[in-house]
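Inside the fold
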Amino acid sequence: MYEVHLAAFGDIPHGPQKWVVPEAGLGFSVGHLVSHIDYTPASPDPSINPSVDNTTTSFSPYLVLGLRCRAFRYISIGIEAIYTNYANNISYQGQSFDQGLSGVSMRPYVEVRF
């Protein structure tokens, strides 16, 4: 799996305080998902393939909320909560499998500005 994101970020209005800055971002993300399913039939049948591989590229909204702490003049540290939702539905042997990826991830970071 891999992801590629494109988003615009900005500070959320918060008053005169400059040390901790809340920020938000909005954009889109592209996820490339690879799935593998092994199937064990109830009765051995050589015409049934016991496994299937599936590759899907899915688009998702990319929503970010975070806090940036300006620890030094050119160095900041922060944490972001990021929401993505990638669809990946597979149908095989009359069954449907939802192999999608959805949720919120937390990303700590260190930022150096020049």
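To start, this report covers the structure provided alongside it. (Residues numbered from 1 in each chain as written. Predicted model: local features only at pLDDT ≥ 70, side-chain atom pairs only at ≥ 80, totals over all residues. Heavy atoms only, no water.)

Moving on: the overall build of the chain. Within the chain, the secondary structure is distributed over zero helices and seven strands. Secondary structure elements of the chain, listed N to C terminal, follow the sequence β-β-β-β-β-β-β. Against the compact-globule benchmark of 13 Å for 114 residues, the chain has a radius of gyration of 21 Å, which places it well outside the compact range. The C-alpha extent of the chain, read off along each of the three principal axes, is 70 × 20 × 20 Å. Taking all 114 residues of the chain together, 26% fall into the buried category. Within the chain, counting contacts between residues at least 6 apart in sequence, those at least 24 apart form 58% of the total. (Helix = DSSP H or I, 4+ residues; strand = E, 2+ residues; numbered from the N terminus. Rg over C-alpha atoms; globule rule 2.2 N^0.38 Å. Buried < 20%, exposed > 50% of the residue type's maximum accessible area, 1.4 Å probe, protein only. Contact = heavy atoms within 4.5 Å.)

To continue, consider the side chain of Glu23. Position of Glu23 relative to the elements: it lies in strand E2 (residues 20–38). By relative accessible area, which is 7% here, Glu23 ends up buried. A distance of 3.0 Å separates a polar atom in the side chain of Glu23 from a polar atom in the side chain of Tyr109. Residues contacting Glu23, with those up to four places away along its chain left out, are Gly10, Asp11, Ile12, Val64, Leu65, Gly66, Arg68, Glu80 and Tyr109. (Polar contact = N/O pair within 3.5 Å; in protein donor to acceptor, adjacent residues only side chain to side chain.)

Of the pairings in the sheet, the one linking strand E5 (residues 89–92) to strand E6 (residues 95–98) comprises four bridges and is antiparallel in character. In the strand pairing of E6, Ser91 is matched with Ser96. (Pairing = 2+ DSSP bridges.)

Pairing in this open sheet of five strands is antiparallel, and the strands run E1-E2-E3-E4-E7 from one edge to the other. Lying at the two open borders of the sheet, with one neighbouring strand each, are strand E1 (2–11) and strand E7 (101–112). Geometrically, the sheet is characterised by an average inter-axis angle of 20° between neighbouring strands, direction not taken into account. As paired elements, E1 and E2 share 10 bridges and run antiparallel to each other. Its bridge partner lying in E2, Leu6 is registered against Phe28. (Axes fitted to C-alpha atoms, helices over the stretch in contact; angles between N-to-C directions.)

Turning our attention to the environment of Phe9. Structurally, Phe9 can be placed in strand E1. In this structure, the C-alpha to C-alpha distance between Phe9 and Glu23, residues 14 residues apart in sequence, is 7.0 Å. Excluding anything up to four places from it in sequence, Phe9 contacts Ala24, Gly25, Tyr62, Val64 and Glu80.

If you walk through the whole model with that rule in mind, you get four salt bridges. Note that Asp11 is salt-bridged to Arg68, the shortest N-O span being 3.2 Å. Taken together, the residues Asp11 in strand E1 and Arg68 in strand E3 (residues 51–69) connect sequence positions 57 residues apart. For Asp11, a relative accessible area of 46% puts it in the partly exposed group. For Glu23, the salt bridge goes to Arg68, with nearest N and O atoms at 2.4 Å. Of the two residues, Glu23 sits in strand E2 while Arg68 sits in strand E3, which places them 45 residues apart along the sequence. Each of the two residues, Glu23 as well as Arg68, counts as buried. (Salt bridge = Lys/Arg side-chain N within 4 Å of Asp/Glu carboxyl O.)

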